[in-house]
Amino acid sequence: MMHLDIEVDDLSSAVDRALALGAAPADFQPQDDVRVLFDPVGHPFCPFVRAEPDTREPGLAEPGAQES
């Protein structure tokens, strides 16, 4: 079955709105920045917030990492 991933700005508000419109949460929630929900007829959809992008310049080591 196909599902939708929907990027939102505020996960909590998006989930509250979806629940008010008849969605139901899945028993298992795999990630903190994604919520798995089902529409009233059982189709899954996932509101999510995008993780902060990596803004470091390419090729830079992680802070505290030792170069080899």
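For clarity, every value in this text was computed on a predicted model and none was experimentally measured.

**Q** Please explain the sheet that holds strand 4 (residues 44–48) as it appears in this structure.
**A** Adjacent strands of a sheet pair through backbone hydrogen bonds, lying either parallel or antiparallel. With mixed pairing, the 4 strands of this open sheet are ordered in space as 1-4-3-2. Across the chains shown, the open sheet's two edge strands, defined by having one partner strand only, are strand 1 (4–7) and strand 2 (24–25). Bridge count between strand 3 (residues 37–38) and strand 4: 2 bridges; the pairing is antiparallel. Residue pairing in the sheet places Phe 38 in a bridge with Pro 44 of strand 4.

**Q** Is there a simple way to explain the pattern of salt bridges in this structure?
**A** Under the defined criterion, the tally for this structure stands at 1 salt bridge. For Arg 50, the salt bridge identified is with Glu 7, shortest N-O distance 3.1 Å. Highlighted residues: Arg 50 in the segment after strand 4 and Glu 7 in strand 1, separated in sequence by 43 residues. Assessed through its relative accessible area of 56%, Arg 50 is described here as exposed.

**Q** In this structure, what is going on with helix 1 (residues 11–20)? I would like to understand it.
**A** Given 3.6 residues per turn, any residue in an α-helix points the same way as the ones three and four places further on. Within helix 1, burial applies to Leu 11, Val 15 and Ala 18. With its buried residues spanning 65 degrees around the axis, helix 1 presents them on a single face. Counted as exposed and oriented over 90 degrees from the buried face of helix 1: Arg 17 and Ala 20. Turning to helix 1, the residues buried within the fold contact strand 3 and strand 4. One side-chain oxygen of the residue at the start of helix 1 lies 3.2 Å from the amide nitrogen of Ser 12, identifying that residue as Asp 10. Positioned one or two residues after helix 1, Gly 22 has a phi angle of 110 degrees, which is positive.

What counts and how
- Residues numbered from 1 in each chain as written.
- Predicted model: local features only at pLDDT ≥ 70, side-chain atom pairs only at ≥ 80, totals over all residues.
- Heavy atoms only, no water.
- Pairing = 2+ DSSP bridges.
- Helix = DSSP H or I, 4+ residues; strand = E, 2+ residues; numbered from the N terminus.
- Salt bridge = Lys/Arg side-chain N within 4 Å of Asp/Glu carboxyl O.
- Buried < 20%, exposed > 50% of the residue type's maximum accessible area, 1.4 Å probe, protein only.
- Arc of directions from axis to C-beta.
- Contact = heavy atoms within 4.5 Å.
- Polar contact = N/O pair within 3.5 Å; in protein donor to acceptor, adjacent residues only side chain to side chain.

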